[in-house]
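Observations on chain architecture
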Amino acid sequence: MSDLHDKIDKEKLPRHIAIIMDGNGRWAKEKGEDRLFGHFHGVESVRNIVEGCAELGVEYLTLYAFSTENWDRPEYEVVGLMELLVSTIHKEVESLNKNNIRLHVIGDMSMLPAYARKELEEALEFTAHNTGLNLIMALSYSGRWELLNAVKHIAYEVKQGRLKVEEIDQDTLQRFLCTSGFPDPELMIRTSGEYRISNFLLYQLAYAELYFTNVRWPDFRKENLYEAILDYQSRERRFGKTGEQVATQSLGE
Ligand code: IPE
Ligand code: IPE
Ligand code: MG
């Protein structure tokens, strides 16, 4: 194992890491290749990072693979991405299962082509009993879509008389998000040098530590992940309190 890996404090691992896997297109263009070539190579990074998280004992890994807005890309790219998604899941599901990894999906599945939905549903079912890393793929996902969806569901529950307006609290809202049952990410990584959230987990990232790197997603490997985790571990998470309060609190632990 590497030096960086050994420096990680295993007692202070983030339980949940979320990643905006960005930069595939530029990576390919820089090599004089088509954007799809970049997406194809991005799969190798997914494999490597899933393995890295599972080895460390991270409990939840959410990967932003396709946003609601990505549907507006040129058709050949959207089709290429869907095909890549389906073939990758088909190829990887055995190995996910062998490694005790449970697959989840968040997003508007009704937007996906039927063949992709079917492949995903089979993979979800196949890995449903696994108890190791929870791998959450954000597909046809956006934070605003998710919040809108939750609001509609809550309104419907009220209309049906199953929920009172006065009873609605943060737990209610959490329950109607796609991520209900998952803890909020403590660490959010975005690759490729863009400093924005791009409609990812808008509610859940409220107190996440944000880490940005210039590395393009197809070049991102375990070592880069370790660097991000070490950076996270060097930060003081205050949640609105003062530094002194946090210091006293951690002494008392
Ligand atoms: C991320 O890479 C993958 C998806 C959004 C599907 P991009 O395709 O956004 O690559 P860049 O940002 O154009 O380089
Ligand atoms: C965000 O990347 C979505 C995914 C990584 C799936 P984009 O490349 O779509 O984001 P913008 O358009 O640069 O904000
Ligand atoms: Mg991009």
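Check the entry above for the structure.
This text gives an overview of the structure that appears in the document. This one's a predicted model, so the numbers in the text were calculated from it and none came from an experiment. (Residues numbered from 1 in each chain as written. Chains lettered and ligands numbered in written order. Predicted model: local features only at pLDDT ≥ 70, side-chain atom pairs only at ≥ 80, totals over all residues. Heavy atoms only, no water.)

1. Examining the sheet that holds strand S3 (residues 102–106)
Put simply, the test is: A strand pair is defined by DSSP finding two or more bridges across the two strands. We count a stretch as a helix when DSSP gives it H or I for four or more residues in a row; a strand needs E for two or more, and each element gets its number in order from the N terminus. Between the N-to-C directions of two axes lies an angle of 0 to 180 degrees, each axis being a line fitted to C-alpha atoms and, for a helix, fitted only over the stretch in contact. Residues are treated as being in contact if the distance between any of their heavy atoms lies within 4.5 Å.
What the six strands build is an open sheet, ordered S3-S4-S2-S1-S5-S6; its pairing is parallel. Strands at the two margins of the open sheet, each flanked by one partner only, are S3 and strand S6 (209–212). Each neighbouring strand pair of the sheet contributes to a mean axis angle of 20 degrees, computed without reference to strand direction. In this structure, S3 lies alongside strand S4 (residues 134–141), joined through five bridges in parallel fashion. Paired with Arg102 across the two strands is Asn134, which belongs to S4. Packing of helix H8 (residues 222–233) onto the sheet brings it into contact with strand S1 (16–20), strand S5 (187–190) and S6, and relative to S5 it is tilted by some 135 degrees.

2. Some points on the site of ligand 2
Formally: We define proximity as follows: a residue is near a molecule or strand when any one of its heavy atoms falls within 4 Å of that partner. Pairs of N or O atoms are called polar contacts if they sit within 3.5 Å, as long as, within protein, a hydrogen donor faces a hydrogen acceptor (for residues adjacent in sequence, only side-chain-to-side-chain pairs). Each accessible area is a Shrake-Rupley estimate made with a 1.4 Å probe; only the visible protein chains count as cover when residues are assessed. Under the convention adopted here, Pro, Cys and the residues Ala, Val, Leu, Ile, Met, Phe, Trp and Tyr are nonpolar, Asp, Glu, Lys and Arg are charged, and Gly plus all remaining residues are polar.
Inspection of the region around ligand 2 gives Ile20, Met21, Asp22, Tyr64, Ala65, Phe66, Ser67, Asn70, Arg73, Arg190, Arg196 and Ser198 as its neighbouring residues. Here an oxygen atom of ligand 2 and a side-chain polar atom of Asn70 are 2.9 Å apart. Within the contact set of ligand 2, an oxygen atom lies 3.3 Å away from a side-chain nitrogen or oxygen of Arg190. Within the complex, 78% of the 390 Å² of free accessible area of ligand 2 lies under protein. The leading source of residues in the shell around ligand 2 is strand S2 (residues 60–67), at four residues. The residue inventory of the shell around ligand 2, partitioned by class, reads five nonpolar, three polar and four charged.

Limitation: the analysis is restricted to geometry and does not speak to function.
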